[in-house]
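# Fold and geometry: a report
Next come the chains, spelled out residue by residue.
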Amino acid sequence: MTSWQSLHDGWSLTAIGNPDVPEAVASAPVPATVPGCVHTDLLAAGLIPDPYLDEHELTLGWIGRTDWCYQTTFRWDGGGDADRVELVCAGLDTVATVTLNDVELGRTANMHRSYSFDVRSLLRVGENVLRVRFDSAYRYAEAEQRRLGARPKAYPTPFNFIRKMACNFGWDWGPELVTAGIWQEIGLRSWRTARLAEVRPQVTVAGTEGRVEVRVEVDRAADDEPLTVRAALAGEVAETVLGPGQRSAELTVTVADPELWWPRGYGAQPRYPLAVTLHAGDRELDGWQRKVGFRSVRLDTAADEHGSAFTVVVNDLPVFARGVNWIPDDCFPHRVTRQRYAERLRQACDANVNFLRIWGGGRYESEDFYDLADELGLLVGQDFLFSCAAYPEEEPFRTEVRAEAAEQIVRLASHPSLVLWFGNNENIWGWHDWGWQEELADRTWGAGYYFELLPGLLSELDPSRPYWPGSPWSGRPEIHPNDPAHGSMHIWTVWNQLDYTHYRDYLPRFVAEFGWQGPASHATLRRAISDPGGLAEDSAAMAHRQKAGDGRLKLARGLAAHLPAPRDFDDWHYLTQLNQARAISVGVEHLRSYRPICMGSVVWQLNDCWPVTSWAAVDGDGRRKPLWYALRRAYADRLLTIQPRQGGLALVAVNDGGAPWTGRVDVTRLTLAGEPRGKSSVELSVPPYSEITWPLPADVAGPDDARAELLVADPGGDGERSFWFFAEDHELAYPAADYDATVEPSPEGVRVRVTARTILRDLLLAPDRLDPAAEVDEALVTLLPGESTTFTVRSAARLDPAALTAPPVLRCVNDMVPRH
């Protein structure tokens, strides 16, 4: 059998030839962890401060401009009867020279693929010395840029001239921390006679039959022996014989009436163990195991009266993508454990998300990520790794891109959650709209990847999944790539230039990116900023955590359009988080209200990689921001929303569940004091996976006094209420907030019950201000006079009831109204 000897122990790290390296680092080798990277090794040794805290990022640029050498000594027992022994490097970041016992094995320059080297003849029985030298990624990329000619990019550093995680070089939500290191597993693979070099299962469903076509590539030590390849699934077995010299095989396993794998909310996620084994006579030489799911997937792009569709269809059922974008969950991806992936993907599921788009400036996500997505029923769209730049197609890049893409296509082929590949993020749009054509002249920019190389590889290696050349992309070169009526689009004019109510100006088919910023949770900021004076909206510490161009001004512009002016940092923090939640609620509810014209709402973004002001719903410490709770409401299976329609207002009921939605909705026009002024009732009968719109009568939809009235649509417990205010908060004649609050212990911590004496708009309880580990079950609750709500707080700490029931921990919009 193929065997594996892990080489993760005994590593040290040495800086090479940079006068900016501090003496404490340069003077002696540093203990190194593998998998890992230079930054985390130096941090663990106490030689650098945490780059996520304060402004330390700015003092650590020398790390990325230094060459580093990793070294270990390991023992080898001679390998027994193995014909081949290979050094396998699953991930080297990035510009590496690998030597064994002072013999150079090879050089690499791609973080996104693996490398292997035949080392049988170089190994010594007993001790062996392995070194991996990493040259500066900056220096490599800058040299390639000079050699091939500069190309347009979103940020100053030449991230487009190296096959490395682009966001390491800084992004509008992330720090510039250019890493180096052995970031995935490394070890010796020993085998005799032959091994399974590649297994590609293609899983399809036709009628009541499930079919797995297994394509196998075999490495041989010699060509003189016949081999048997066997595939077993659900009690069915297929096998074939490879004659001497043959290295490729195809097997088909069929399963009658398999249970189908469904997206979450549409059905169960059964998976079947698939085992592929390689034999020589009676000897089993190698094995490969994965779980597969039977499901069909296609992308409906048919032309219609609205343009052309962009709908993911699973098992012949069109799925509205209630989505979020995913970025690397840490700048140092080796730190993202399976447990952390599970926590983050569970947060997505708990927010009623069913679709994750993996953004193209990060990484091809891990086996843990995809296995969990399979288990949870999350659909995934994976970008190939090109983002916001023109990419060279000359060598060595074309060969590296081909190898990287082929490896990742094969690696991910078994996962039912992967339903869509995108060729790039925003590069076709950039070529069309951002002045690239004049700057590029006749230089390559990536078109050959997106329109030829990548679709060709998918057609060859995994034709079972849809491919789309980019996001955004309209589907045809004669149509603007970001045309709302065709294909996938991104909406960034709103955040960059307009008020969030302008989301309603768009009637798109599928929105793969749109977002609005808000700061991290208070406890996250408090951990990241050591100076108490840094918790100020205009401080240098907060400015360091705002990476977006004019981000502070855009936040201020968004507040001014809707909310009272903040009096202090506590106000600013609450109001900007609230405005983020409201902005995305407006966008999501608008998009869902136009189902089935629009079939995708993919919010930018679910997660953060460090403590920052950003578009994320979950901050860099894993805390849920108010946006997360708003997403949970806006992405609920059953959504009631009041929307502007044809000069008036309409009630829209969206049913993304599998059962009809029936019942009665009362729509009442009330004063802010809770006095009724008009009422209409609607009998719901909404079929599964559909929406119905009812225009509201003028006597309900038209206020007598816009500053003092609102609408409430109440489904009577079968779904969340929907509110419509006729004026902005800073215009409304709010009463000063008045309420009673009580605190009582609960098994998880405490329950806080709030009873409103006046209207309470967007009531928020932020227990992390008292205990950083505390969590609350609900946020942004609006209460009418006389109504009550209960917040359940999970906390092991003893929380002060007085602090828990008063600002800034418990607050609402109208607590900014002075009491008289």
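Residues numbered from 1 in each chain as written. Predicted model: local features only at pLDDT ≥ 70, side-chain atom pairs only at ≥ 80, totals over all residues. Heavy atoms only, no water.

### So, the overall build of the protein chain
Secondary structure assignment for the protein chain yields 18 helices and 46 strands. Taken over C-alpha atoms, the radius of gyration comes to 29 Å for the protein chain, in line with the 28 Å a tight globule of 820 residues would show. For the protein chain, the C-alpha atoms occupy an extent of roughly 90 × 70 × 60 Å along the three principal directions. Residues counted as buried form 61% of the 820 residues belonging to the protein chain. Here the analysis covers contacts within the protein chain between residues at least 6 apart in sequence; of these, 69% occur between residues at least 24 apart. If you sum the accessible surface of the protein chain, you get close to 29800 Å²; carbon and sulfur atoms cover 48% of it. Positive and negative side-chain charges of the protein chain, numbering 81 and 114 respectively, have mean locations separated by a distance of 1 Å. (Helix = DSSP H or I, 4+ residues; strand = E, 2+ residues; numbered from the N terminus. Rg over C-alpha atoms; globule rule 2.2 N^0.38 Å. Buried < 20%, exposed > 50% of the residue type's maximum accessible area, 1.4 Å probe, protein only. Contact = heavy atoms within 4.5 Å. Areas by Shrake-Rupley, 256 points an atom, 1.4 Å probe, with all protein chains shown as cover. Lys, Arg positive; Asp, Glu negative; His and termini not counted. Charge placed at Lys NZ, Arg CZ, Asp CG, Glu CD.)

### Observations concerning helix H6 (residues 367–376)
Residues of H6 that are buried: Phe 369, Tyr 370, Leu 372, Ala 373, Asp 374 and Leu 376. At its buried positions, H6 is contacted by strand S25 (321–326), helix H5 (338–350), strand S26 (355–358), strand S27 (379–383) and strand S28 (418–422). Gly 377, located one to two residues past H6, shows a positive phi value of around 80°.

### Digging into the side chain of Asp 815
Mapping Asp 815 onto the fold places it in the segment after strand S46 (810–811). Overall, the relative accessible area of 18% leaves Asp 815 in the buried class. Looking at Asp 815, its side chain comes within polar contact range of the side chain of Arg 811, at 3.1 Å. Setting aside its immediate chain neighbours within four residues, Asp 815 contacts Arg 567, Ala 737, Pro 807 and Leu 810. (Polar contact = N/O pair within 3.5 Å; in protein donor to acceptor, adjacent residues only side chain to side chain.)

### Some words on the sheet that holds strand S33 (residues 638–645)
Reading across the sheet, the 3 strands line up as S33-S34-S37 and stay open at both edges, with antiparallel pairing between neighbours. Bordering the open sheet on either side are S33 and strand S37 (690–695), each of which pairs with just one other strand. Direction aside, neighbouring strands of the sheet carry axes that sit 25° apart on average. Sheet topology note: the strand S34 (residues 648–655)/S37 ladder contains 6 bridges and is antiparallel. Along S37, the bridge assignment pairs Asn 655 with Ser 690. (Pairing = 2+ DSSP bridges. Axes fitted to C-alpha atoms, helices over the stretch in contact; angles between N-to-C directions.)

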